[in-house]
Amino acid sequence: MAAEAHAPTASEYIVHHLQHLQNIKQKSIIDFSVFNLDSIAVSVTLGALCLFVLWLAARKATSGVPGRFQAAVEMLVEMVDNQAKANIHNAQSRKFIAPLALTVFVWIFAMNAMDMLPVDLLPVLWQTAQGDSHAYLRVVPTADLSTTLGLSTGVLVLCLIYSVKIKGLGGWAHELVTAPFGTSKNPVFAVILGVVNLAMQIIEYIAKTVSHGMRLFGNMYAGELVFCLIALMGGAAAMSLSGVLLPVGHIIAGSIWAIFHILIITLQAFIFMMLTLIYLGQAHEAH
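Residues numbered from 1 in each chain as written. Predicted model: local features only at pLDDT ≥ 70, side-chain atom pairs only at ≥ 80, totals over all residues. Heavy atoms only, no water.

1. Here we look at the UniProt feature "transmembrane region" (unreviewed entry) in the protein
Okay, so step 1: As annotated by UniProt and renumbered to match this structure, "transmembrane region" (unreviewed entry) occupies residues 40-58, 96-114, 188-207, 219-239 and 251-280.
Okay, so step 2: Helix makes up 95% of residues 96-114 and strand makes up 0%, while its end C-alpha atoms are separated by 28 Å.
Okay, so step 3: End-to-end, the C-alpha atoms of residues 188-207 are 29 Å apart, and along that stretch the chain is 100% helix and 0% strand. (UniProt positions renumbered as here; feature names shortened; annotations may be inferred. Helix = DSSP H or I, 4+ residues; strand = E, 2+ residues; numbered from the N terminus.)

2. Describing the pattern of salt bridges
Okay, so step 1: All chains considered together, the criterion is met by four salt bridges.
Okay, so step 2: Here R138 ties to E224 by a salt bridge, and the two come within 2.6 Å at their closest N and O atoms. Remark: E224 occurs in helix α8 (residues 187-239) and R138 occurs in the loop between α6 (121-130) and α7 (145-178); sequence separation between them is 86 residues.
Okay, so step 3: The exposure class of R138 is buried, given its relative accessible area of 4%.
Okay, so step 4: On the basis of relative accessible area, E224 is assigned to the buried category, the value being 3%.
Okay, so step 5: The closest approach of N and O atoms between K208 and E204, which form a salt bridge, is 3.8 Å. Of this pair, K208 and E204 both sit in helix α8, four residues apart, roughly one helical turn.
Okay, so step 6: Note on K208: relative accessible area 17%, which makes it buried. (Salt bridge = Lys/Arg side-chain N within 4 Å of Asp/Glu carboxyl O. Buried < 20%, exposed > 50% of the residue type's maximum accessible area, 1.4 Å probe, protein only.)

3. A closer look at the packing of helix α5 (residues 91-113) against α7
Okay, so step 1: Between α5 and α7, whose axes approach to 13 Å, the crossing angle comes to 175 degrees. Regarding the angle of α5 to α7, the classification is roughly antiparallel. Facing α5, whose interface residues are S93, F96, I97, L100, W107, I108 and M111, α7 presents T147, L151, L158, Y162 and I166.
Okay, so step 2: Broken down by class, the residue content of the contact of α5 with α7 amounts to 10 nonpolar, two polar and no charged. (Axes fitted to C-alpha atoms, helices over the stretch in contact; angles between N-to-C directions. Parallel < 35°, antiparallel > 145°, perpendicular 65-115°, else oblique. Contact = heavy atoms within 4.5 Å. Nonpolar A, V, L, I, M, F, W, Y, C, P; charged D, E, K, R; others polar.)

4. Thoughts on α5
Okay, so step 1: Compared with the 33 Å implied by 1.5 Å per residue over 23 residues, the 32 Å span of α5 between its first and last C-alpha is a close match.
Okay, so step 2: Along its length, α5 shows its largest kink, about 30 degrees, at I97, and proline P99 lies within four residues downstream of that point.
Okay, so step 3: The backbone nitrogen of Q92 has a side-chain oxygen 2.9 Å away, supplied by the residue at the start of α5, namely N90. (Expected span 1.5 Å × (residues − 1). Bend = angle between axes of the 7 residues up to and from the residue. Polar contact = N/O pair within 3.5 Å; in protein donor to acceptor, adjacent residues only side chain to side chain.)

This is how it looks when you write it as structure tokens:
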């Protein structure tokens, strides 16, 4: 009984906090039958909320002097539209890609912003509702690699679609075997260069997709860990007999990191959006 009632150690606290709510118990490192239900639920909920906010802004838009909410949304839309025009020179493609980039930025910002909530707020509420102190819940979808790689894979699929749409299937296939090293009039060298070019193109697509998702995941996962460590400092302060310097340090560290993290969550959403536009812009260009 005593062993079950003891307070978790620092490592146990962090390990528990980083566990996902899943549909079944994972049996191996790679198990495609396992779904992180918390990431799915939070991301879908935030996506619906973002769509509602943007719809509300469009519904209340007027041609007169805009209010603060309308002005803020218009500035955001204009910023994204300018970036889309700078990277996507096909006006017809921008009709889909510009709204897509806006959605990507707002959605990822909202998912990143979940990191600003107190570390134990939603997990404790979930544990209370479940009546289980060991129930798992993670509330930052972008700190989940499956979420970020899913987003980057979606961008890859769009890049392939636009490559075929803009260049034609034959033109894209020709590009796969002739870029970046060109071809040769000699049949033997042409085959060798074709194989090398194709391998390089495949590596480029995979590298861009993996780095696209890993960059967002790595930054948000690191931020989540720092918040956990700051929360542990607060826990130590609560158990401290002197309780003078540690509580002050906890408040100062938490405040500084939270303020700095506002920049991180915004910057990471912007970087992901920009890379999306750049990769889709490259899909429109011939090598």
